[in-house]
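Structural description and commentary
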Amino acid sequence: MKLSAFGTKLTGESGILQLMDDLGRPFPDGVKPHRLGGGNPARVPQVEQVYRREMERLMGFHDAFEQVISAYDAPQGRHLFLDAVASFFRREYGWPVTPENVAVTNGSQAAFFYLFNLLSGKSPERRTILFPLVPEYIGYADQGIDPGCFVTLPARIEPDGEHLFKYFIDLPLVEEYLAAHPEVAALCVSRPTNPTGNVLTDGEIRSLAALARRYGIPLMIDNAYGTPFPNIIYPDRMYDGTGVEPVPYWDENTILSMSLSKIGLPTLRTGIVIAPPDVIKAVSAVNSIAALASGSLGQVLAEGLIRTGELKKLADNAVRPFYKSRLEKALDWTAEFWTGRNYRLHRCEGALFLWMMMDDLRVSSRDLYFRLKEKGVVVVPGEYFFFGLESGSPEETAWKNHPHRYSCLRINYTGNPDEVRDGLRLIASTSAELRR
Ligand code: PLP
């Protein structure tokens, strides 16, 4: 097969392909699996009960089910769902949004693919997306079709106590970069950040929004783990120590991406974009070309739950406590198995992962990943989360020397607790054998 530039780009080696392949591939006979790799959410019983109830309601109502499965929705999404989302955010947060501000895609992953390529690449000059804080979500890394359309800036790293650290956006550096690079087409952050569990504060988000407005570009916020749902955020663990709940942010210059994946529906592929109407029209146009329409079932199951606020209550009362208790167990096991070791975790403010830095290894995190895989432990090596480097650029030089690039692992702590505990034990013992 002779591939186009597009084909070459999308079929090459990529971190996300490796990660998704690891998720789906069976383990060799006799190897006990410890799946601490992908971003699969856990099954939260209260959430499943509610979707089951909604499904039963659908099945019990004349031919409602057949109607849902037999007709394509419009490429923007189901009108009732768009209206439910807009009404909820208008009512709860006073955002001036209508259904014209909402689109649905087959998962938020698809939304980012559309958006990055709508905004960056050749036009005819090269336009770029600036990620002001990396490490950032591995799933973005290969989404930009044109080479060099992603740029990242080094975050400030601050140690925090004996075994924690935290990344901070270097706002003056971002501003300096924007001033010198008019080709930047958008800023993009995930909040909470995958892989690190960082949650940008309301203040940081407001500052980024102000910068984006000043430079006439949109701010993209990936809220896949954020508030109001799934709300996998732990305010009492946040760095500022106030325990104050972060609030979701939107203004007419913001492209907010949400997802139903981490609140129980990863396989129904329901991503939600809240943005100005011209962005929504563009996303819908690409959706019609790439996919005709988005799947309907997730929208149908969640519509009433969003409209009434029940989904937000589920997030607050079931999803967050569930993940918090998994996190606390994982932190206790980490402290136990790594006793006496040189390691630091990023402060666990949200999302599903421990971002662990071990600076006593004589191998890279990728080597460690392969050794762990042989023992049935799947994690994600940290270097995949460092992307957006142009060869020879000052950013590349900064990153090459970045102390965390080859020494971090992303560990999903949300799976079966026995698997997570044994997995953490094996990571600790295997990495201990590989110390300098
Ligand atoms: N954004 C982030 C930060 C993620 O971690 C993920 C998935 O893990 C996605 C987006 C995409 O999720 P989905 O396509 O299931 O909505």
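For the structure itself, consult the block above.
Residues numbered from 1 in each chain as written. Predicted model: local features only at pLDDT ≥ 70, side-chain atom pairs only at ≥ 80, totals over all residues. Heavy atoms only, no water.

**Structural notes on the sheet that holds strand S13 (residues 353–358)**
What the six strands build is an open sheet, ordered S6-S7-S12-S13-S16-S15; its pairing is mixed. One side of each edge strand has no neighbouring strand; the edge strands of this open sheet are strand S6 (156–160) and strand S15 (380–381). Sheet topology places S13 next to strand S16 (residues 408–412); five bridges connect them, and they run antiparallel. Across the sheet, residue Leu354 finds its bridge partner in S16, namely Ile411. Its contacts with the sheet place helix H14 (residues 417–433) against S13 and S16, and it is angled at close to 165° to S16. (Pairing = 2+ DSSP bridges. Helix = DSSP H or I, 4+ residues; strand = E, 2+ residues; numbered from the N terminus. Contact = heavy atoms within 4.5 Å. Axes fitted to C-alpha atoms, helices over the stretch in contact; angles between N-to-C directions.)

**What about the site of the ligand?**
Every residue close to the ligand is listed here: Gly107, Ser108, Gln109, Tyr137, Asn194, Asp222, Ala224, Tyr225, Ser259, Ser261, Lys262 and Arg269. Interatomic distance of 2.9 Å between a backbone N/O atom of Gln109 and an oxygen atom of the ligand. Interatomic distance of 2.8 Å between a side-chain N/O atom of Arg269 and an oxygen atom of the ligand. With the chains in place, 94% of the 400 Å² that the ligand exposes on its own is no longer accessible. (Near = heavy atom within 4 Å. Polar contact = N/O pair within 3.5 Å; in protein donor to acceptor, adjacent residues only side chain to side chain. Areas by Shrake-Rupley, 256 points an atom, 1.4 Å probe, with all protein chains shown as cover.)

**Regarding the pattern of salt bridges**
Two side chains of opposite charge can pair, provided their charged atoms sit close to one another. All chains considered together, the criterion is met by 27 salt bridges. Note that Asp83 is salt-bridged to Arg307, the shortest N-O span being 3.0 Å. Taken together, the residues span a long stretch of sequence, with Asp83 in helix H5 (residues 79–93) and Arg307 in helix H10 (residues 297–308) at a distance of 224 residues. By relative accessible area, Asp83 is classed as partly exposed at 21%. Across the pair Arg91 and Glu92 runs a salt bridge whose closest N-O atoms are separated by 3.8 Å. (Salt bridge = Lys/Arg side-chain N within 4 Å of Asp/Glu carboxyl O. Buried < 20%, exposed > 50% of the residue type's maximum accessible area, 1.4 Å probe, protein only.)

**Brief notes about the environment of Ala293**
Along the polypeptide, Ala293 turns up in the loop between helix H9 (277–291) and H10. For Ala293, the contacting residues outside a window of four places in its chain are Tyr72, Asp73, Ala74, Pro75, Asn106 and Asn287.

**Structural notes on the nonpolar core**
Judged by nonpolar contacts, the single largest core of 128 residues is most densely connected at Leu354, Leu424 and Ile427. A total of 12 residues in this core trace back to one element, the largest contributor, which is helix H11 (residues 310–337). Mapping this core onto the domain boundaries places at least three of its residues in each of domain 1 (5–46 + 320–433) and domain 2 (73–314). Those residues in contact with Leu354, other than ones at most four positions away along the chain, are Leu327, Ala330, Leu331, Thr334, Leu345, Cys348, Leu409, Arg410, Ile411, Tyr413 and Leu424. (Core = buried A, V, L, I, M, F, W, Y, C linked by side-chain atoms within 4.5 Å. Domains from an automatic or database assignment.)

**A short note on the environment of Tyr239**
Along the chain, the position of Tyr239 falls in the loop between strand S9 (219–222) and strand S10 (254–259). On the accessibility criterion, Tyr239 (34% relative accessible area) is partly exposed. Contacts of Tyr239, omitting those with residues within four sequence positions, involve Glu158, Asp160, Lys166, Phe168, Arg347 and Glu349. Only 3.3 Å separates the side chain of Tyr239 from the side chain of Glu158, close enough to count as a polar contact.

**A word on helix H8 (residues 202–214)**
Spanning 13 residues, H8 covers 18 Å between terminal C-alpha atoms, matching the ideal 18 Å at 1.5 Å per step. Here the buried face of H8 lies against strand S4 (126–134), strand S7 (164–168), helix H7 (171–180), strand S8 (184–190) and S9. Phi turns positive one or two residues past the end of H8, at Gly216, with a value near 65°. (Expected span 1.5 Å × (residues − 1).)

**What to know about the packing of aromatic side chains**
This structure, assessed with the given rule, holds 25 aromatic pairs. A centroid spacing of 5.7 Å and a plane angle of 35° characterise the contact between Tyr93 and Trp95, whose relative ring orientation is tilted. Residue Tyr93 is classed as partly exposed on the basis of its relative accessible area of 25%. Owing to a relative accessible area of 6%, Trp95 belongs among the buried residues under this scheme. On the numbers, 5.3 Å between centres and 90° between planes, the contact of Phe116 with Tyr140 is edge-to-face. Taken together, the residues Phe116 in helix H6 (residues 108–119) and Tyr140 in the loop between S4 and strand S5 (150–154) connect sequence positions 24 residues apart. Grouping residues by exposure puts Phe116 and Tyr140 together as buried. Through pairs of rings, three or more aromatic residues link up here, namely Phe112, Phe116, Phe131, Tyr137, Tyr140, Phe150 and Phe387. Positioned above the aromatic ring of Phe168, the side-chain terminus of Lys166 is 5.2 Å from the ring centre. (Phe/Tyr/Trp six-rings, centres within 6.5 Å; stacked < 30°, edge-to-face > 60°. Lys NZ or Arg CZ within 6 Å of the ring centre and 35° of its normal.)

**Comments concerning the pairing of S8**
When you tally the buried positions in S8, you get seven out of seven residues, the bulk of the element. Note: S8 against S9, four bridges, orientation parallel. Paired with Val189 across the bridge in S9 is Ile221. Each parallel crossover has a hand, and the one from S8 via H8 to S9 is right-handed. (Right-handed = clockwise from strand over helix to strand, strands pointing away.)

Limitation: the analysis is restricted to geometry and does not speak to function.
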